[in-house]
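Below, each chain spelled out in residue letters.
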Amino acid sequence: QVQLVESGGGLVQAGGSLRLSCAASTRTFSSNAMGWFRQAPGKEREFVAAISRSGATTYYADSVKGRFAISRDNARNTVYLQMNSLKPEDTAVYYCAAKPGVAPTTEVDRYNYWGQGTQVTVSS
């Protein structure tokens, strides 16, 4: 069982930055690929970024490419999402998720464990 706790959300003006963290309570954190997803009101949960177990491979949604960066610290059992040049359309609840295995994926259904989410609001 993997428990995930997100933090770092908040209210920021357009063009600003936030750094989300996701702490995992498991000794097997490094055995999991990790992902970040988001869900805006009235919309489906969508892929944002993913990272392989070692951190060597990363994937990004086209909408965040060049603005967001995913990273992980396996010694701290933590994955991060650095969000720069934020836009109002980035407003959503952001979730981290864990998927046992090497390869990250963009598919929501492939992730076994989810955090409770952290709200990000970008004002115009």
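Each remark here, short or long, concerns the structure printed above.
The following refers to the structure shown. Not measured: the values here are computed from a predicted model. Residue numbers here run from 1 along each chain, matching the order of that chain's written sequence. Residue-level local features of this predicted model are given only where pLDDT is at least 70; pairs of side-chain atoms are given and counted only at 80 or more, and the full residue set underlies all totals for whole chains, interfaces and linings. Only hydrogens and water are set aside when side-chain values are computed; all heavy atoms of the structure are taken into account.

This next bit is on the packing of aromatic side chains. Two aromatic rings from Phe, Tyr or Trp, using only the six-membered ring of Trp, form a pair when their centres are within 6.5 Å; if the ring planes differ by under 30 degrees the pair is stacked, by over 60 it is edge-to-face, and anything between is tilted. In this structure the tally under the stated criterion is four aromatic pairs. Look at Phe37 and Phe47: their rings are 5.7 Å apart centre to centre, the planes differ by 70°, and that puts the pair in the edge-to-face class. On the criterion of sequence distance, the pair formed by Phe37 in strand E4 (residues 32-39) and Phe47 in strand E5 (residues 46-51) is long-range, its members being 10 residues apart. Assessed through its relative accessible area of 13%, Phe47 is described here as buried. On the basis of an interplanar angle of 75° and a centroid distance of 5.1 Å, the ring pair of Phe37 and Tyr111 is categorised as edge-to-face. Residue Phe37 is found in strand E4, and its partner Tyr111 is found in the loop between strand E9 (92-100) and strand E10 (113-114); the two are separated by 74 residues along the sequence. By relative accessible area, Phe37 is classed as buried at 0%. Each residue's exposure class comes from its accessible area (1.4 Å probe, protein chains only) as a fraction of the maximum for that residue type: buried when under 20%, exposed when over 50%, partly exposed otherwise. On the basis of relative accessible area, Tyr111 is assigned to the buried category, the value being 5%. Strands are runs of DSSP state E lasting at least two residues, helices are runs of H or I lasting at least four, and both sets are numbered from the N terminus onward.

The four strands lie next to each other as E1-E3-E8-E7, forming an open sheet whose pairing is antiparallel. Looking at the sheet topology across the chains shown, the edges are occupied by strand E1 (4-7) and strand E7 (68-73). Strand-to-strand twist across the sheet, computed as the mean angle between neighbouring axes with direction ignored, equals 15°. One bridge is not enough; two strands pair if DSSP finds at least two bridges between them. The sheet contact formed by E7 and strand E8 (residues 78-83) spans six bridges and is antiparallel. Across the sheet, the residue bridging to Arg72 is Val79, located in E8. Every angle, taken between N-to-C directions, lies between 0 and 180 degrees, and every axis is a line fitted to C-alpha atoms, over only the stretch in contact when it is a helix.

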